[in-house]
Amino acid sequence: MSSVPIHGNYHGYYAKRPCVNDPRLALLPPSTFSGKRVLDVGCNEGWVSCEIAQSHGASKVVGVDIDDALVRAAWRRRRTVWSAQGPPGETAETDGQSRKRKRVDVDPVGEADYFPASCAHSLGPLPIPQSSPDVFPHNISFRTADWVNEAIPEDATGYDVVLAFSITKWIHLNGGDAALDTFFSRVAAVLAPGGQFIVEPQAWETYRKAKRMDKKLRDTAQGLKLRPEDFPRMLAKLGFSELVELGSVGDGGFHRPVDLYTKL
Ligand SMILES: C[S@@+](CC[C@H](N)C(=O)[O-])C[C@H]1O[C@@H](n2cnc3c(N)ncnc32)[C@H](O)[C@@H]1O
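Per an unreviewed UniProt entry, the protein chain carries the name RNA methyltransferase and comes from Roridomyces roridus. According to UniProt, the comment filed for the protein chain under the heading Sequence similarities (unreviewed entry) is "Belongs to the methyltransferase superfamily."

Shown next as structure tokens:
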């Protein structure tokens, strides 16, 4: 993998874009992931995938990324999130001077003081006990693949939700218009009828900065005819519903729309 992040394969991405309680997920209808099989394409270090698997009730989450170092970091993230999670059924809560325990199904990362991060650093993460395959952390796995061009074994059984957050620009700049066509066709092929495709597209204006990274990207960009505005039309041709705009969130350059399409 090139040292230049030409696929948007940024290391330390979530230090720049804090993602515990990701505001993009908060835009989605509450039952979006409940009991669903989810594919997160371009999962990076797995923060969003882990949040969906732990706190949004998904039965199965598969994160896929082209960069193997990021995928290894995603597996580590799974252990970190697991270690910080309190025992099911109760969590510590500060209540003025006193401390009391409140009953909840899961104590998500960021709220727990069950196993402090310093312990995980010095002693390693907590072991993962056997439990049901649809319960975190058993309900999440990661794969290294260029998902536009390579299937992964989990694709064979399909998904109910495919997530594509901040990845379309990188697919477009690396593989041209044809790669976007292939990507959307692959999403259509792996989604069950009624399944949802959730996209956070990057605006055309942001391509300019990305092109400066690498000559190959600049050369590919010269031949691009499609624009992010064409995505609804392309997806309609593949049997998706009209675009539902869920809103825009994120600070500064990360302020982007989150769009939802349903496979009819
Ligand atoms: C800018 S990051 C976005 C990370 C994450 N989706 C989010 O928004 O929080 C884009 C990610 O997509 C990955 N990526 C780019 N092209 C890919 C491809 N063809 N297949 C799989 N992953 C890809 C990159 O390695 C990178 O981790």
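K.L.:
Before we move on, could you go through the site of the ligand and cite the residues and values that matter?
P.N.:
Neighbouring residues of the ligand: 20 residues in total, closest Tyr14, Arg24, Gly42, Asp65 and Phe165. One of the backbone N or O atoms of Gly42 is found 2.7 Å from a nitrogen atom in the ligand. Asp146 is positioned such that a nitrogen or oxygen atom in its side chain is 2.8 Å from a nitrogen atom of the ligand. Protein contacts shield 98% of the accessible area of the ligand, which totals 600 Å² for the unbound molecule.

K.L.:
Pulling in residues and values, what's your account of the nonpolar core?
P.N.:
By size, the foremost hydrophobic cluster in this structure holds 29 residues, and its most contacted members are Leu39, Trp147, Val162, Phe183 and Phe197. Of all elements in the fold, only strand 1 (37-41), strand 2 (60-65), strand 6 (159-165), helix 6 (168-190), strand 7 (191-200) and helix 9 (231-237) reach the threshold of two or more residues within this core. Looking at which element gives the most residues to this core, the answer is helix 6, with eight residues. Setting aside anything within four residues of it in sequence, one finds Phe183 in contact with Val41, Trp147, Val148, Ala164, Thr168, Ile171 and Phe197. With 28 residues, the next largest nonpolar core counts Cys43, Ala58, Val81 and Ile198 among its residues.

The rules we used
Residues numbered from 1 in each chain as written. Predicted model: local features only at pLDDT ≥ 70, side-chain atom pairs only at ≥ 80, totals over all residues. Heavy atoms only, no water. UniProt positions renumbered as here; feature names shortened; annotations may be inferred. Near = heavy atom within 4 Å. Polar contact = N/O pair within 3.5 Å; in protein donor to acceptor, adjacent residues only side chain to side chain. Areas by Shrake-Rupley, 256 points an atom, 1.4 Å probe, with all protein chains shown as cover. Core = buried A, V, L, I, M, F, W, Y, C linked by side-chain atoms within 4.5 Å. Buried < 20%, exposed > 50% of the residue type's maximum accessible area, 1.4 Å probe, protein only. Helix = DSSP H or I, 4+ residues; strand = E, 2+ residues; numbered from the N terminus. Contact = heavy atoms within 4.5 Å.

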